[in-house]
Amino acid sequence: MEPQPPALFSAPRILTLLGSILLSLSSGTNYIYSAYAPQLGVRLFLTHTQLNVIGLAGNVGIYISGPAWGRVVDSRGPRIPLISAFTCFLIGYLGMRYIYDNATGSSISFLHLFVLIACSFMTGLAGNASLAAAVNTTVKSFPETSRGIITGLVLSGVGLSAFFFATVTSIAFPGDISALLLVLGLGTAIPMLLGLAIVRQIPLPPPGIVLDRHEEYQPIPSGDAAPFISGNNSRTSLLDHTEHVHKVSNHSVPEPSTAVELASDRIVSRRSSIRSTNHTKPVHDGPNVYGKQLWLTPDFYLICIIMSLLGGSGIMYVNNVGSISQALYAKGNPNYDELEASQWQAAQVSTLSVCNFAGRILIGLIADLMRIRLRLPRAYCLSIVSTLFVISQLSAVSVNNVTHLWKATALLGLAQGSLFGIAPTIVIDWFGLSHLSENWGFVSLSPLVGGNIFSLMFGRNLDSHASNDDTETYSSLSLARRSGLPSDHQCSEGRDCYVSSLYVTATACLIALGLSVWAGIRNQRKTEEAKREVI
């Protein structure tokens, strides 16, 4: 007799889930970039555009490596990505720390700038490798009914990553950027070694297998796959259209996505069940779109455009929220306190991180509620996410004082977390589970397009306003206004330094909202058509 898979809430599954959350906690350190980017710029005499290029290198590493890591995880498991992540995290963060500690007090050379960009790129590679291993392994270890919340739990670690590392270093090494980079290097690499030991795919029980020998009843989902129990402790089967099943009185056909519990001796005999196990297949295994077929599917381009507009807006804000807070703090402030400015900056990073974490959890709950209770496609969640993005951008436009910036940051964090919490689940629903990591890798490339465009636009916009400050007549007001500013590239005009960039991203998010509504309606129509075909 073959060994039965562990129960759904057994220790091996829970250990894999916890290990995956730990890996994702190490994967989201790109969100902490704003916590040290301005200080990096001051010490190394970097412009805002150069800082954005360095930050974007991390994002490029994350998104461009998605398809490759996805193919490796799908075919070889999590071991190779985790070993690679360990190496890249160490080299990336410790390399940045070395350049920071050995600054010469003048503008860095092109070679050092290139090394910084390469190190940032490596941290992105490592983050995506560990996250692909965590998500793929966990999703394949839990059933479809809990997929939304399980995916949200794993991805929530990404959102909480910046808050965790920022809190640890602010308590242990306050104001020490070198220590922060050291903690990031070691604190992200060590969990990869733990993941090698505890994160592994736990097989799901085949439909109809009774995991508990004392169970008398078993839920029978209807629709495209309906397992029937044939007797205590027996293996059961999925009945296809050609099999003869004895009709049972007093039992109606349940509605889709529901389950009824039937006594085992009311369906079919043990012998006929064993026979059907050997000769039958599920009626419908769900979508399995990948490779060339994926690139020919309109839904692929639809979700990529939505992700590019929303994710790109989020990347721009995440990479520059530190500079935004400094610009607002400098506005009309004749006594610029660098320590207080860095505290406002850290507050935005922590707020962003916590709300990103919350968004990933909440969207998973909402998605499963929408799917199971309301019987609506999870794609409708994209409309909720897009609405949050629009509100966050309009809120950021209206902020004139750094004390109110947390509201826009919280909304953006909630929206960004929700987007990256629901998107992998929608990829599963639309394209199937078998090639999840590979498909998600291609879809996750899309925010890179919007992120590059919006971030470089933001950096150039900020630099142009800083240049205007430099060319001002040196009146007593101008000198008083600029006293204490940490860099010649610091803009002191408040929201005017960057607000035009926010108008662009707000418009992009409005377009994404329209596409998201269409995606939900389109998905629902396709689902209804599929049901009619089955009937």
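These notes cover the structure that comes with them. Position numbers for residues count from 1 along each chain, tracking the sequence in the order it is written. Side-chain atom pairs in this predicted model are given and counted only at pLDDT of 80 or more, local residue features only at pLDDT of at least 70, and totals for whole chains, interfaces and linings cover all residues. Only hydrogens and water are set aside; all other atoms, that is, all heavy atoms of the structure, feed into the side-chain values.

Remarks on the overall build of the protein chain
Then, in step 1: Going along the chain from the N terminus, every DSSP run of H or I of four or more residues is numbered as a helix, and every run of E of two or more is numbered as a strand. When you go through the protein chain residue by residue, the secondary structure sums to 18 helices and 4 strands.
Then, in step 2: Exposure categories follow from relative accessible area, calculated using a 1.4 Å probe and restricted to protein chains: below 20% of the type maximum is buried, above 50% is exposed, and the middle band is partly exposed. Expressed as a percentage of its 535 residues, the buried residues of the protein chain come to 53%.
Then, in step 3: Contact between two residues is taken to exist if any of their heavy atoms lie within 4.5 Å; hydrogens are not considered. Considering only residue pairs separated by 6 or more positions, the protein chain has 83% of its internal contacts joining residues 24 or more positions apart.
Then, in step 4: Only the protein chains shown count as cover for residues, and the accessible areas themselves come from Shrake-Rupley with a 1.4 Å probe. Looking at the protein chain as shown, the accessible area adds up to about 23600 Å², and 63% of this sits on carbon and sulfur atoms.

A short note on unusual backbone geometry
Then, in step 1: Positive phi outside glycine occurs at Phe45, with the angle close to 55 degrees.
Then, in step 2: Assignment of secondary structure puts Phe45 in the loop between helix H2 (33-44) and helix H3 (48-64).
Then, in step 3: Unusually for a residue other than glycine, Arg375 sits at a positive phi of about 55 degrees.
Then, in step 4: With respect to the helices and strands, the residue Arg375 is situated in the loop between helix H12 (338-372) and helix H13 (381-398).
Then, in step 5: Owing to a relative accessible area of 41%, Arg375 belongs among the partly exposed residues under this scheme.

Side note on the pattern of salt bridges
Then, in step 1: Salt bridge, as used here, is a side-chain nitrogen of Lys or Arg placed within 4 Å of a carboxyl oxygen of Asp or Glu. Considering all chains together, one arrives at 7 salt bridges under this definition.
Then, in step 2: Lys526 is paired through a salt bridge with Asp299; the nearest N and O atoms lie 2.6 Å apart. Placement of the pair is Lys526 in helix H18 (residues 499-534) and Asp299 in helix H11 (residues 298-330), with a sequence separation of 227 residues.
Then, in step 3: For Lys526, a relative accessible area of 39% puts it in the partly exposed group.
Then, in step 4: One continuous salt-bridge network, built from bridges that share partners, spans Asp299, Arg522 and Lys526.

Description of a nonpolar patch on the surface
Then, in step 1: Each patch is assembled from residues with relative accessible area greater than 30% and no salt bridge, linking like charges that lie within 9 Å and nonpolar side chains (Val, Leu, Ile, Met, Phe, Trp, Tyr) that lie within 5 Å. On the surface, Leu94, Leu182, Leu186, Ile190 and Leu194 cluster together to form a nonpolar patch covering roughly 390 Å² of accessible area.
Then, in step 2: Mapping Leu94 onto the fold places it in helix H5 (residues 79-101).
Then, in step 3: On the basis of relative accessibility, which here comes to 30%, the residue Leu94 falls in the partly exposed class.

Focus: H5
Then, in step 1: An ideal rise of 1.5 Å per residue puts 33 Å on 23 residues; H5 measures up with 33 Å between its terminal C-alpha atoms.
Then, in step 2: Among the residues of H5, those classed as buried are Pro81, Leu82, Ala85, Cys88, Phe89, Gly92, Tyr93, Gly95, Met96, Ile99 and Tyr100.
Then, in step 3: The elements touched by buried residues of H5 are helix H1 (11-27), H2, helix H4 (66-76), helix H6 (110-139) and helix H8 (177-198). By definition here, a helix of n residues has an expected span of 1.5 Å times n minus one.

Observations concerning the side chain of Ser516
Then, in step 1: Here Ser516 is to be found in helix H18.
Then, in step 2: Filtering out sequence-adjacent residues up to four positions away, Ser516 remains in contact with Ile306, Ala379, Leu382, Ser383 and Ser386.

Here we look at the environment of Ile324
Then, in step 1: Along the chain, Ile324 turns up in helix H11.
Then, in step 2: Each C-alpha atom of the pair Ile324 and Tyr498 lies 7.6 Å from the other, and the pair is 174 residues apart in sequence.
Then, in step 3: In this structure Ile324 touches Tyr317, Leu405, Phe458 and Tyr498, once residues within four positions along its chain are discounted.

Comments concerning the packing of aromatic side chains
Then, in step 1: Paired rings are identified among Phe, Tyr and Trp, the last through its six-membered ring, by centres lying within 6.5 Å, and are further divided according to the angle between planes into stacked (under 30 degrees), edge-to-face (over 60) and tilted (the rest). For the structure shown, the criterion picks out 9 aromatic pairs.
Then, in step 2: Where Trp295 meets Phe300, the ring centres are 4.8 Å apart and the plane angle is 65 degrees; that geometry is what we call edge-to-face.
Then, in step 3: One aromatic cluster in this structure is built from Trp295, Phe300, Tyr301 and Phe442.
Then, in step 4: Here, over-ring charges are defined by two tests on the NZ atom of lysine or the CZ atom of arginine: distance to the ring centre within 6 Å, and angle to the ring normal within 35 degrees. The ring of Tyr100 carries Arg43 above its face, with NZ or CZ at 4.6 Å from the centroid.

Such coordinate-based values are descriptive only and should not be taken to indicate function.
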